[in-house]
Amino acid sequence: MAKVFKKTSGNGGLTLYLGKRDYVDHVDKVDRVDGVVKLDPADFGDRKVFVQLACAFRYGSDDLDVMGLCFRKDIWMQQTQLYPNGEKPALSAMHDTLLKKAGDNAHPFSFEIPNNLPCSVSLQPGPDDKGKACGVDFEIKTYLAKEKNNPDEKIEKKDTARLVIRKIQYAPSQVGAGPKADICKSFMMSDKPVHLEASMEKDLYFHGEAIPIKIKIKNESNKTVKKIKISVDQTTDIVLYSADKYTKCVLNQEFGETVDSNGSFDNTLTITPLLADNKEKRGLALDGRLKDEDTNLASTTMLRQGVEKEVLGILVSYKIKINLMVAGGGLLGGLTSSDVTLELPLNLMHPKPEGIFFTL
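Residues numbered from 1 in each chain as written. Predicted model: local features only at pLDDT ≥ 70, side-chain atom pairs only at ≥ 80, totals over all residues. Heavy atoms only, no water.

Definition in use: UniProt positions are given in the numbering used here, feature names are shortened, and annotations may be inferred rather than shown by experiment.
An unreviewed UniProt entry lists the protein under the name Arrestin-C, from Astatotilapia calliptera. Recorded in UniProt for the protein, the comment headed Function (unreviewed entry) runs: "May play a role in an as yet undefined retina-specific signal transduction. Could bind to photoactivated-phosphorylated red/green opsins." What UniProt records for the protein under Sequence similarities (unreviewed entry) is the sentence "Belongs to the arrestin family."

1. Focus on the overall build of the protein
Rules: Secondary structure counts use DSSP, requiring at least four H or I residues in a row for a helix and at least two E residues in a row for a strand, with both numbered from the N terminus. Burial classification: accessible surface area is computed with a 1.4 Å probe over protein chains only, and a residue below 20% of its type maximum counts as buried, one above 50% as exposed, and the rest as partly exposed. Pairs of residues are marked as contacts when any of their non-hydrogen atoms sit within 4.5 Å. Note on areas: Shrake-Rupley, 1.4 Å probe, and residue coverage restricted to the protein chains presented here.
Secondary structure summary: the protein contains one helix and 21 strands in total. Per-residue burial over the protein gives 44% buried out of 360 residues. In the protein, once contacts between residues fewer than 6 apart in sequence are set aside, the share between residues at least 24 apart is 69%. By element, 49% of the accessible surface of the protein is carried by carbon and sulfur atoms, the whole surface being about 18,500 Å².

2. Considerations on the nonpolar core
Our working rule: The set of buried Ala, Val, Leu, Ile, Met, Phe, Trp, Tyr and Cys residues whose side-chain atoms join them within 4.5 Å is what this entry labels a nonpolar core. Domain start and stop points were drawn from an automatic or database domain assignment.
Counting residues in hydrophobic clusters, the biggest one holds 71 residues, and the most contacted among them are I213, I215, I228, I230, I320 and I322. Two domains each donate at least three residues to this core, and these are domain 1 (5-169) and domain 2 (180-349). Of all hydrophobic cores here, the second largest spans seven residues; its members include V4, V36, L98 and A106.

3. A few points about the side chain of S231
Secondary-structure assignment places S231 in strand β15 (residues 224-238). In this structure, S231 is in contact with C249, L251, N252, K319, I320 and K321, ignoring residues within four places of it in sequence.

4. A word on the state of the cysteines
Put simply, the rule reads: The criterion for a disulfide is a pair of cysteine sulfur atoms lying within 2.5 Å.
Evaluation of the coordinates by the stated rule reveals zero disulfides. Sulfur of C55: no disulfide; nearest cysteine sulfur belongs to C119 and is 9.7 Å away.

5. Topic: the sheet that holds strand β16 (residues 244-255)
So the rule is basically this: For two strands to count as paired, DSSP must find a minimum of two bridges between them. Axes here refer to lines fitted to C-alpha atoms; in helices the fit is confined to the stretch in contact. Angles between the N-to-C directions go from 0 to 180 degrees.
Strand order across the open sheet formed by four strands is β16-β15-β19-β20, with antiparallel pairing between neighbours. The strands lining the two open edges of the sheet, one partner per strand, are β16 and β20 (338-346). Recorded for the sheet is a direction-independent mean angle of 25° between the axes of neighbouring strands. Relative to strand β19 (residues 314-327), β15 runs antiparallel, the two sharing 14 bridges. Looking at β19, one finds that I228 is bridged to L324.

6. Remarks on unusual backbone geometry
In this structure, P84 follows Y83 across a cis peptide bond, with omega equal to -10°. Position of P84 relative to the elements: it lies in the loop between β6 (72-83) and α1 (93-102). A positive phi angle is found at N85, which is not glycine, with a value near 55°. Here N105, not a glycine, exhibits a phi torsion of approximately 55°, which is positive. Take N105: it is sitting in the loop between α1 and β7 (106-111).

This is the structure in structure tokens:
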């Protein structure tokens, strides 16, 4: 159960009401944004009331704006006039509830979000960073203006009310078979190799869910596998304004399992990548943030056929690395030590909830 969200402008003349702030991308369509604006037109004069929904990519904080440079690029925007003679949408159950909550002189509005827009993603700021985080966000704004689209008209901050919403994607109801990979590696001063095989039960896991990885090792070499290290890398590809792509490790876990020469290992090791273990990593991709502590590692970007990557703003992917630390033996010792590395793809998403409700 969630509360009704509202925001009032500094002049007190506009109050924006929303029943929820998370809107689900169902692949074929996105939840409709239904809201209400309550008006007190005493000081409006000849100005009109508009409401807009914008999807934008922010690549710098507002306080960095200098010499007229804008650190925000609009990806998509839609707006409508509410007062006077505003457009009236078909009323939904959400509208009815919000209208009762807002009372007299409340005006409903609706927006349809195209399903080819990116989901909300923010990049984790550093400890000393200030202002809004970089990333893709959706914002609903109601404001006073004389004209609908006049770039020369200055909109006062006190004459606006804003609420940030999130476009999110839930995991599909059906999950597929998990990935599997194997490698056979030979070593210097050893006539036989080490075999490594790794597999997962399914192709998608939920945020915070334990991820079991089945690992099989057959060590035919004359060396010893000293330990197993499993890491998870997040790759963030910022495709909107540059070819900026970088990878950050979100989990690095060692297991003290040893496999002697001519020995074997067949067991399941479990990992859980969490944002809680990565709070200090600047630039880590997170699901869109509404308030502090209200998010998690970014969900995997699911590319929809026919959608250009550049429209999606930020692409996020994960991979698991299984690394065997193999110690060298004999007189050469560490000079003949080496690693055996295997990679598996990982999809992280939100589970689809049983139902979404709201209350006053």
